[in-house]
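The residues making up each chain are set out below.
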Amino acid sequence: MMGVLCCVPERKSLSWWPLLLCICVAEMALGQVRYSIPEEMATGSVVGNIIQDLGLDVKRLKSGRARIFTEDGSEYIGLNAEKGTLVVAKRIDREDLCKQVSPCSLHFQIILENPMELHRIDVEITDINDNAPFFSKREYNFQVSESASPGARYSLESAKDPDVAHNTIQSYKLNPTDNFKLNIVSRPDGTKYIEMVLHTSLDREKQEEHKLTLTAFDGGSPQKSGSVKINVIVLDANDNAPVFSQSVYRVTVPENASRGTVLVKVSATDNDKGANDEVVYSFSQHTDSASSLFNIDPHTGEMTVTGVLDYEKAKHYEIDIEATDKGGLADTSKVLIEVTDLNDNAPVISIISLSNPIPEDSAPDTVIAMLNIKDLDSDKNGQVKCFISRDLPFKIKSSSSNFYSLMSDDVLDRETVPEYNITITAMDEGSPPYYTNKTINLKISDVNDHAPVFPQPFRTAFITENNSPGISILSVKASDKDSGNNARISYFLEDSQLNGMSASAYFSVNAESGEILAVRSFDYEQTKEFHIRVKAQDGGSPPLSSNLTVKILIQDQNDNPPQVLYPVQTGGSVVAEMVPRSADVGYLVTKVVAVDVDSGQNAWLSYKLQKATDRALFEVGLQNGEIRTIRQVSDKDAVKQRLSVIVEDNGQPSRSATVIVNVAVADSFPEVLSEFTDFPHDKEYNDNLTFYLVLALAVVSFLFITCLVVIVSVKVYRWRRERAFYKSSGNLPVIPYYPPLYADVGTGTLKQGFSYEVYGTTDSRKSDVKCSRPFSQSTLTVDHSGTRTVPRHNTQSENMLTEVRSTSFLFP
């Protein structure tokens, strides 16, 4: 408990009066503080220091956006957040605010946010003597019979003073008091009324009219008063006044009573006879407020409802009634009407504070809204239950009387439910119950809790070799369930090594569209595929990402012509294949071996005979390149045969290569030697080298003759053995030379699709063939890059066949 000394500003009309000092007690317990201030304080006057009384500080008031909430919306008290004080916001008139209710208090809450706090503040408004007593009329007229006996009572209207306690009416004074005196009567219910009592008999003949003054005094300091004139007219004898059967009538009526409902029937009797015993019933002169709601029949005394009753506005009424005879004698009584409550008001839901939207990662028990629910009914009719649907991830929790908190009760996910329509239902316990619904549209704000996702983790793309730099390969697209910047995706190429270089040297990715572009031109024969990783990253904080592996396959173009491996075309010597004149149809002369470093159909090779000395003698296998005889060799056939074979691939457009095959048709080496001395070389070749050959022959003629004798001797010997082998074994097929990296499987009847497998290479830039010496000292040279291939080891049967193929000669 803490006491605060408050001073009331002096009123202008009472400037002479010393300042009134009051002690305001502020009670702080469980967030509740009570102050006491006098009414009529000047605007801006300090009510109390809530920083001191609530244990807060100015920073907390500002950060919590401190504000005042009143259930009825009144704004008598304001909050100075800079100083942490409560001040008078506007003039407070206790009489307007509370009427006769005492004590008179203002109730409100101070609300703080982040975190949410409620502090109840009660400010008691104390009364000051700012109202003087007054009567509703300026004067009253009474008719008193001269036969009235001393002790006759005449009811007077009580004065009214809006002030309370000592500041209200304390005493009355009647002047003069020659015939009448004043009597103050206390009723059983504690109320008081005044009577004018006759203590000396009246004599109309002496004085027909008496003028009196009734003055009411309050107990304030300074004291105030009000007066009314009373005119008493003396009548002739009517010496019996009406008398009510009861001094107080008690009535209970429900607030929904319809107009015309009979409340009570009062009655009064008069012992006079004749016209003097006729009684007229009426409301007392000071029951003006009830006259609009009730009516009394002047003849029967039946009291009925004429207006609309509302328990929430007035719970009971006190009505003074009079019974007056024609002689002016009257009696008074009181009717106490108690209004009973019915459940005729639905609860009212007020949203004090609302956090909207809330992030989806809000923890359970996060306060979303503060609610105030009020029902004007009483007892069970005013008791309220508040709830929401159980299907929602929220809950309602009561924080204090009439105050509720809407809180989260489960994990929220914006991607599943982006917003909720929360219907809050408040239901009272009346019969039948009334309920009120209020819907809050709560939006869930996004947090970056989802990484971008590609439709599939692996993509394959194709690009033709020899492409233009900057060409688009494919576009990748990722999706993100988040929204806003959290769903704004940028694409990046992950840095990795491709063929010893950074991936960015080969490809680039458009950060906005995800389009993958080729930075340079590609060569299928150098690299057939790439594997790169594309990262999709969102704009959240921190950002989330995912990766996509893209396999880029280089598609082959027909950009390489076929390469002839055998027979080898040399510039300084003539290679001739020897065919005996006894060769039959289908005799295998030799085989043209070619490869194409392209792939697929671009490497499918076909062989055609372009030119021949005798087209009727030889043919070339379309797919295997085998040169065979198509008829029986005769003695008439020329010894020197020149064949031009063209090798074409299957590309579009196709590329080709041409090879010259020299064939010697002879049975003996001397015959071949004599014929091939004049064997013409290619015209272009002879034109270029004739001079050098002549010069070379002149220089090495002696050495040549010596070598020739040795060679002829060896050849003759081998030739004789070959003839003997032919006679005993028949015609054997001539086995051509195959480079070690290539093999002729079977008889050359492979399907076209296998031609590439048989004759192709795995890497066009690195595969080279270094042919070993074929057969008897013949030299074939096919050297593109200097790479040497390990020669194949001949089996015993192959060595024998090599001896047979010694008919292939190399002539200088």
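Residues numbered from 1 in each chain as written. Predicted model: local features only at pLDDT ≥ 70, side-chain atom pairs only at ≥ 80, totals over all residues. Heavy atoms only, no water.

Section: the state of the cysteines
Here, disulfide denotes a covalent bond that connects the sulfur atoms of two cysteines.
Thought 1: Across all of its chains, the model carries 1 disulfide by this definition.
Thought 2: A sulfur-sulfur distance of 1.8 Å marks the disulfide that ties Cys98 to Cys104. Across the disulfide from Cys98 to Cys104, rotation about the S-S bond amounts to roughly 65°, and the bridge is consequently right-handed.
Thought 3: In this structure Cys98 comes out as buried when scored by relative accessible area, which is 12%.
Thought 4: Since its relative accessible area comes to 2%, Cys104 is described here as buried. (Disulfide = S-S within 2.5 Å. Buried < 20%, exposed > 50% of the residue type's maximum accessible area, 1.4 Å probe, protein only.)

So, the sheet that holds strand E25 (residues 330-340)
Strand pairing within a sheet occurs via backbone hydrogen bonds; the two strands may be parallel or antiparallel.
Thought 1: The mixed open sheet is built from 4 strands, whose spatial order is E18-E25-E24-E21. Only two strands of the sheet have a single partner each, and these edge strands are strand E18 (248-254) and strand E21 (279-283). Strand-to-strand twist in this sheet, taken as the mean axis angle between neighbours without regard to direction, amounts to 25°.
Thought 2: As paired elements, strand E24 (residues 316-325) and E25 share 9 bridges and run antiparallel to each other. Following the sheet pairing, Ile321 is matched in E25 by Ser333. (Pairing = 2+ DSSP bridges. Helix = DSSP H or I, 4+ residues; strand = E, 2+ residues; numbered from the N terminus. Axes fitted to C-alpha atoms, helices over the stretch in contact; angles between N-to-C directions.)

A few points about the side chain of Asp637
Thought 1: Along the chain, the position of Asp637 falls in the loop between strand E49 (626-629) and strand E50 (640-649).
Thought 2: Given a relative accessible area of 8%, Asp637 falls into the buried group.
Thought 3: Side chain to side chain, Asp637 and Arg631 meet in a polar contact 2.7 Å long.
Thought 4: Excluding anything up to four places from it in sequence, Asp637 contacts Arg581, Asp614, Leu617, Arg631 and Gln632. (Polar contact = N/O pair within 3.5 Å; in protein donor to acceptor, adjacent residues only side chain to side chain. Contact = heavy atoms within 4.5 Å.)

Examining the sheet that holds strand E10 (residues 139-145)
Thought 1: Read from one edge to the other, the open sheet built from 4 strands follows the order E10-E16-E15-E12, with strand pairing classed as mixed. Both outer strands of the open sheet, E10 and strand E12 (169-175), are each paired with one neighbouring strand and no more. Going across the sheet, the axis of each strand differs from the next one's by a mean of 25°, ignoring polarity.

Section: the packing of aromatic side chains
Thought 1: Tallied over the entire structure, the rule returns 13 aromatic pairs.
Thought 2: Judged by centre distance (6.4 Å) and plane angle (35°), the rings of Tyr506 and Phe507 are tilted.
Thought 3: The exposure class assigned to Tyr506 is buried, which follows from its relative accessible area of 7%.
Thought 4: Residue Phe507 is classed as buried on the basis of its relative accessible area, which comes to 1%.
Thought 5: Through successive ring pairs, a cluster of aromatic residues spans Tyr506, Phe507, Phe522 and Phe530.
Thought 6: Between Lys315 and the ring centre of Tyr311, over which it is positioned, the NZ or CZ distance is 5.1 Å. (Phe/Tyr/Trp six-rings, centres within 6.5 Å; stacked < 30°, edge-to-face > 60°. Lys NZ or Arg CZ within 6 Å of the ring centre and 35° of its normal.)

Any functional reading would require information that these geometric values do not contain.
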